[in-house]
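Understanding the architecture of this molecule
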Amino acid sequence: MANAIRFLSIDAVEKANSGHPGLPLGMADVATVLYQHFLKFNPRQPTWPDRDRFVLSAGHGSMLLYALNYLTGYEGMTIESLKEFRQLGAHTAGHPEKDQYLGIETTTGPLGQGLGNAVGMAIAEHLLRTQFGEHLFNHFTYVIAGDGCLMEGISHEAISLAGHLKLSKLIVLFDDNRISIDGPTSLSVSDDQLKRFEACGWQVQAIDGHNPEAIYLALQKAHHAKAPSMIACRTTIGYGAPTKAGTSAIHGSSLGAEEVLRMREALNWSSPAFEVPTPILNAWRSFGTRGEQAYTTWEKHLQDSAPEIKHEIERRFRGELPKGWKNHIQELINSFHSQKPTASTRVLSGQVLDTLVPKIPELLGGSADLTGSNNTKAKGSQAISSEKFIGNYIHYGVREHAMAAAMNGISLHGGVVPYGGTFLAFSDYCRPSIRLSALMQIRTIYVMTHDSIGLGEDGPTHQPVEHLAALRAIPNLNVFRPADAIEVAECWALALESQTTPSLLVLTRQNLPFLRTDRTEENLSRKGGYVLSDDPKAQITFLSTGSEVSIAIKAQEELKKKGIATRVVSLPCWRLFELQEKEYQEKVIGLHTLRIAIEAAIPLGWEKYIGPEGAFIGMHSFGASGPYQDLYRHFGITVEAIVELAINKLKEK
């Protein structure tokens, strides 16, 4: 049974002349026992909400997953798919890319990310179990992680959080082969992983990863644990390869024809490439059909549930928000128009959450130990704890890496919509997960406050200047930088309704004035940019975002006194703006005018909007420590500087 995995894996790697055969050969025995006796899944209902989740955190060993999904009968994972391993357009990419219909729960490859995702999946399962009952949600999350996953810093944050929350349905199978790309792991690491996990509150076991009985007993014990479990499976990387097994040579390259031939002889596998003997294939397919009874039982439980419970679960797993949720946003916008609040956008974001969290039960908030600063905990929210795993808020602690990866896992699991906060400067700690959110096209919402030199005295370590440009460079990521109360509400609405694009809200510490005095039921932020203040005789267009839009408005007023007409454009989301028709974009930015961009960040990216004749007011260095008003003057982001620049640029023309 395990050799079927091994030879499909090496045949695919050999055909592609590219890939990582070491892990599939080494972990084939563990995977076989897991799929034969424990994993609850149904290839005919691949998105079944109560299926077990299997995450290959060591994503380079992707042929292990593809072989398993072919053998167990996922319809789209054919033998042709395996033959196309690592080829353009194939389902079988070099590293697994999320496709739950093919049994690929998440995109992995950047080591440790899958482990972080799995923590999020286990959080979502536990939360849904307490909300809806064990008859509807009661499944495990399994992870295969390698030495590299556990070397990455994210692993410590993830296992610490999982241990703290006592996620007992999370089981990590550690491929303890003690080989890395450079050679033996002893070259670079001497951690006692068992003690490390144990110190974080995990149940730990060490077994022979090639002994099916030991694997079975360890998994059985893990199923009854009161804490998350780590099973260190001592394996031989490249098991079965006559000369390369146990060496780094087999980690990331094909075996070669001679080694493959000798391995077939050594393991008594006489079948040609990509062929599995019928009795063995049938046995594997029986593992795939075993879950049908469990699925049927679950489906009956769902149908027998109260109608409101059934509809709620189905709605959530379709990714739809509750009916009428936008009405609450509109009511809040109407309230903002009446009150015309002067407030920081982080506080205004908190008010949006105060309104929406009670109305959208699947929202699950959190913060990396900055709850009061990020304003991410809505009034009446209840924090989850290991003792009482019910609520809608997580204290992630100072664990930005794990928070972001776990939020991706929560989103991937389904039934829960995650959002979490930290400072924008610390988005660097989240960036690998943010990138994967965008790559996987999932709804994860990042709340990033303290967005510029406007945070003041904490100084340049905390003042982001390059971060907006870096985040805007990520494809399929909506970076929102709202300018006032109305834009904050609009951007939150867009983030929540976007099922295939993650969102990142960039929010201020300092107060901003109310700008959008004209009432409209249209969400103007939906187009990414719009003319906030127009003048048909405008010679100049100010293009801005967030806290600098109000400065642009004041500059417009000063220039009007001097007889110079200007327009002010707010661009809360560049990506959405660039999805609009070219005609709309050109009309908004005012091609016929002198264009000046104003943003308390570096100019990178603004060139495409201001053109060769344009100008930029903003940051060209790191920030400094001091009151934010002094900093804006020091760096020349003022009404006076804008007016002077505008007049001088007009003279040049």
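First, a word on what this report is: a plain description of the structure on this page. Every chain's residues receive numbers from 1 upward, in the order its sequence appears when written. Note on the predicted model: pLDDT of at least 70 is required for a residue's local features to be given, and 80 or more for side-chain atom pairs to be given and counted; whole-chain, interface and lining totals, by contrast, use all residues. The basis for every side-chain value is the complete set of non-hydrogen atoms in the structure, without hydrogens or water.

With that out of the way, let us pick up the layout of surface pockets. Taken as a whole, the largest pocket holds about 700 Å³ of empty space. For cavity detection a 1 Å grid was placed over the protein atoms alone, and a set of points counts as a cavity when a 1.4 Å probe fits there but cannot get out; an open set counts as a pocket when protein lies on both sides within 12 Å along at least five of seven lines, with lining residues being those that have an atom within 4 Å of a point. For the largest pocket, the lining is made up of 26 residues, of which Q100, F317, R318, G319 and G414 are closest to its centre. In DSSP terms, a helix is any run of H or I states spanning at least four residues, a strand is any run of E spanning at least two, and both are numbered starting from the N terminus. Counting only elements with at least two residues in the lining of the largest pocket, the list comes to α11 (278-304), α12 (307-318) and α16 (400-413). Examining the composition of the lining of the largest pocket, we find that five residues originate from one element, α12, more than from any other. The residue inventory of the lining of the largest pocket, partitioned by class, reads 10 nonpolar, 10 polar and six charged. Grid points are joined across faces, edges and corners, and a volume is the space filled by probe spheres set on the points. In this count, Pro and Cys sit with the nonpolar residues alongside Ala, Val, Leu, Ile, Met, Phe, Trp and Tyr, while Asp, Glu, Lys and Arg are called charged and the others, Gly among them, polar.

Let us now look at the packing of aromatic side chains. Pairing of aromatic side chains requires ring centres within 6.5 Å, counting the rings of Phe and Tyr and the six-membered ring of Trp. Pairs whose planes differ by under 30 degrees are stacked, by over 60 edge-to-face, and all others tilted. Summed over the entire model, instances satisfying the criterion amount to 22 aromatic pairs. Put simply, the rings of W574, F577, Y584, W606 and Y609 touch in pairs and so form one group of aromatic residues. Positioned above the aromatic ring of Y70, the side-chain terminus of R285 is 5.1 Å from the ring centre. Directly above the aromatic system of W574 lies the positively charged group of R472, at a separation of 3.9 Å from the ring centroid. The rule for a charge over a ring is simple: NZ of Lys or CZ of Arg within 6 Å of the ring centre, and within 35 degrees of the ring normal.

Time to look at empty space enclosed by the protein. All chains considered together, the criterion is met by two cavities of 30 Å³ or more. In this structure, the largest cavity spans a volume of roughly 80 Å³. As for the largest cavity, its lining consists of Y35, L39, F41, R51, D52, R53, F54, N69, Y74, G103 and E105. Volume-wise, the second largest cavity comes out at about 30 Å³.

So, about the environment of T289. As for its position among the elements, T289 is in helix α11. Put simply, T289 and P43 are 246 residues apart on the chain and 7.6 Å apart in space, counted from C-alpha to C-alpha. Throughout this description, a polar contact denotes any pair of N or O atoms lying within 3.5 Å of each other; where both atoms belong to protein, one of them has to be capable of donating a hydrogen while the other can accept it, and for residues adjacent in sequence the pair is counted only when both atoms sit in side chains. A polar atom in the side chain of T289 sits 3.1 Å from the backbone oxygen of S286.

All right, on to the pairing of strand β6 (residues 203-208) then. As a general feature of sheets, a regular strand has side chains that alternate between the two faces. Three labels apply to residues, based on accessible area from a 1.4 Å probe with only protein chains included: buried if under 20% of the type maximum, exposed if over 50%, partly exposed otherwise in between. Side chains Q203, Q205 and I207 project from β6 onto a buried face, and the interleaved V204, A206 and D208 project onto a face without burial. DSSP-based pairing: two strands are paired if at least 2 bridges between them are found. Of the strand pairs in this sheet, β6 and strand β7 (residues 229-234) are connected by six bridges, and their pairing is parallel. Note on β7: the bridge partner recorded for V204 is M230. The handedness of a crossover follows from its direction of travel: if, with the strands pointing away from the viewer, the path from the first strand over the helix to the second runs clockwise, the crossover is right-handed. Crossover β6 to β7 through helix α9 (residues 212-223) is right-handed.

Attention now goes to the sheet that holds strand β2 (residues 141-146). With parallel pairing, five strands are arranged side by side in an open sheet as β1-β2-β3-β7-β6. Lying at the two open borders of the sheet, with one neighbouring strand each, are β1 (53-56) and β6. Going across the sheet, the axis of each strand differs from the next one's by a mean of 20°, ignoring polarity. In this analysis, two residues are considered to be in contact whenever any of their non-hydrogen atoms come within 4.5 Å of each other. Every axis in this analysis is a line fitted to C-alpha atoms, fitted for helices over the stretch in contact. Angles between the N-to-C directions lie between 0 and 180 degrees. Most of the contacts of helix α5 (residues 113-132) go to β2, to which it runs at about 165°, and overall it touches β1, β2 and β3 (170-176).

Moving on, we get to the sheet that holds strand β11 (residues 445-449). Spatial strand order, β9-β8-β10-β11-β13-β12: six strands in an open sheet with parallel pairing. The open sheet terminates on both sides in strands that have one partner only, identified here as β9 (393-395) and β12 (478-480). Between one strand axis and the next, the sheet turns by 20° as a mean value, whatever way the strands run. Note: strand β10 (residues 417-423) against β11, five bridges, orientation parallel. Across the sheet, the residue bridging to G420 is Y446, located in β11. Contacting β10, β11 and β13 (503-506), helix α17 (residues 427-440) crosses the sheet at an angle of about 155° to β11.

Moving on to the pairing of β10. A large share of β10 lies buried, amounting to seven of its seven residues. One ladder, built from three bridges, connects strand β8 (residues 363-367) with β10; its direction is parallel. Paired with L363 across the strands is V417, a residue of β10. Handedness of the crossover is the feature at issue here: the chain leaves β10, passes through α17, returns alongside β11, and the resulting connection is right-handed.

This part covers helix α14 (residues 345-356). One less than the number of residues in a helix, times 1.5 Å, gives the span that helix is expected to have. In a regular helix each residue adds 1.5 Å, so 12 residues correspond to 16 Å; α14 covers 16 Å between its end C-alpha atoms and thus fits that length. Every buried residue belonging to α14 is among T345, R346, L348, S349, G350, V352, L353 and L356, and all of these are buried.

Bringing the side chain of E157 into the picture now. Looking at where E157 falls in the secondary structure, it is placed in helix α7 (residues 153-165). One buried charge, E157, has no salt-bridge partner; the nearest side chain with opposite charge is R399, at 6.2 Å. At 2.9 Å, the side chain of E157 forms a polar contact with the backbone nitrogen of A402. Aside from chain neighbours lying at most four places away, what touches E157 is R399, E400, H401 and A402. Only four residue types enter the charge count, namely Lys and Arg as positive and Asp and Glu as negative; His and the chain termini do not. Salt bridge, as applied in this entry: a Lys or Arg side-chain nitrogen positioned within 4 Å of an Asp or Glu carboxyl oxygen.

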